[in-house]
Amino acid sequence: MASPKSAKTRSPLEQEIRDSFKTRKRVFIGLITGSSVLICLFLAMVWFIPFVGLTTIHPAAPWVFGFITVALILAIGWAALALVLNILLGRPVLFAKRLRGITVKLFLPLMTLLGRAVGIPKQTVRASFIKVNNELVRGEGHRYPADRLLLLMPHCIQNSRCKYRLTYDIDNCKRCGECALAGLLNLRDKYGIKLAVATGGTIARRIVVQHRPKLIIAVACERDLASGIQDTHPLPVYGILNSRPFGPCLDTDVALDKVEWAIKEFLA
């Protein structure tokens, strides 16, 4: 894995992406710390409440159950600490190779609930999760052949007045320039990667099965990206938020320079 670039050698776009990540990671670190503390407290209560009753089974039963509970608490605490250090240092630490899976499957739902309880909007939690997921995917340091990279776009990125159906054949696009798809097709042709448009989760899963990528660069809103990252795990997904000048799910857009930057980050 190449050493990280210094601030002086980074391009303005890369610096913008990194600065955006820094503004989100504080929310993520706070929520993941709170979530892990709540889980540990819950496990401790699970052990303490039936402590007296377990002695009727066997005198050692409370201590065996307590040992298991403490082991779970230590494992969750280790995972949370390792993940926070990974975020702060930008590389895996404490022998943590599967932190992205723990984040996706365990912490995100709890973080969403905790964020709601303390007044943090769900969209903010999801955006923070996406940013941290992206850093974890990049931190793995893998590069992939062009034919194993998939650009996955939402159908709302197509101009709503366009009469051509692109879900089943992206090359039906006439590249008129009325939406971002012309630029995305140019990136596909330039780098030799795959590009597809999905109308929903079911179609997206079918596309993934059909193309069998090693990595997905996905463009969508916070909700769809967060759920897509969960659905496709352990397949890595690098998420890029779309822009919504006309509101959600209508004539959305994406910064092509950010998409191209992501392609270069992961292309072998």
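The structure this text deals with has already been given above.
Residues numbered from 1 in each chain as written. Predicted model: local features only at pLDDT ≥ 70, side-chain atom pairs only at ≥ 80, totals over all residues. Heavy atoms only, no water.

1. A word on a nonpolar patch on the surface
Selection rule: What goes into a patch is any residue over 30% in relative accessible area without a salt bridge, connected to like charges within 9 Å or, for nonpolar side chains (Val, Leu, Ile, Met, Phe, Trp, Tyr), within 5 Å. Only the protein chains shown count as cover for residues, and all accessible areas are computed by the Shrake-Rupley method using a 1.4 Å probe. Think of a salt bridge as a Lys or Arg side-chain nitrogen and an Asp or Glu carboxyl oxygen that are within 4 Å of each other. The way it works is that DSSP assigns letters per residue, a run of H or I at least four long becomes a helix, a run of E at least two long becomes a strand, and they are numbered from the N terminus.
There is a patch of nonpolar side chains on the surface, built from Val64, Phe67, Ile68 and Leu72 and spanning about 410 Å² of accessible area. By the element assignment, leucine 72 lies in helix H3 (residues 61-89).

2. Considerations on the packing of helix H5 (residues 122-139) against helix H8 (residues 222-232)
Threshold: To get an axis, a line is fitted to the C-alpha atoms, and for a helix only the part in contact is used. The angle between two axes follows their N-to-C directions and goes from 0 to 180 degrees. Here roughly perpendicular refers to angles of 65 to 115 degrees, roughly parallel to angles under 35, roughly antiparallel to angles over 145, and oblique to all remaining angles. Two helices that cross are described as forming a left-handed crossing if the nearer one is turned anticlockwise from the farther one by less than a right angle, and a right-handed crossing if clockwise. In this description, contact between two residues means that some pair of their heavy atoms is separated by no more than 4.5 Å. Charged means Asp, Glu, Lys or Arg here, nonpolar means Ala, Val, Leu, Ile, Met, Phe, Trp, Tyr, Cys or Pro, and polar covers whatever is left, Gly included.
Following both chains from N to C, one finds H5 and H8 inclined at 50°, their axes separated by 9 Å at the closest point. By the criterion of interaxial angle, the relationship of H5 to H8 is oblique. In the packing of H5 onto H8, the handedness of the crossing is left-handed. Where H5 approaches H8, its residues Gln123, Arg126, Ala127, Phe129, Ile130 and Asn133 are matched on the opposing element by Glu222, Arg223, Leu225, Ala226 and Ile229. Its residues assigned to classes, the contact of H5 with H8 comprises six nonpolar, two polar and three charged.

3. Observations concerning the state of the cysteines
Selection criterion: Counting rule for disulfides: a pair of cysteine sulfur atoms within 2.5 Å. Think of it in three bands: residues with accessible area under 20% of the maximum for their type are buried, residues over 50% are exposed, and the middle band is partly exposed, with areas taken using a 1.4 Å probe on protein chains only.
Scanning all chains against the criterion turns up zero disulfides. Not part of a disulfide, cysteine 176 finds its nearest cysteine sulfur in cysteine 179, a span of 6.0 Å. Note on cysteine 179: no disulfide assigned, nearest cysteine sulfur contributed by cysteine 173 at a separation of 5.7 Å. Of the residues examined, cysteine 179 reaches a relative accessible area of 22% and is grouped as partly exposed.

4. Some details on the environment of methionine 153
When you line up the elements, methionine 153 lands in strand S1 (residues 149-154). Sequence spacing of methionine 153 and alanine 198 is 45 residues, and the spatial spacing of their C-alpha atoms is 6.2 Å. What methionine 153 contacts, discounting residues up to four positions off in sequence, is Leu184, Leu195, Ala196, Val197, Ala198, Ile217 and Val219.

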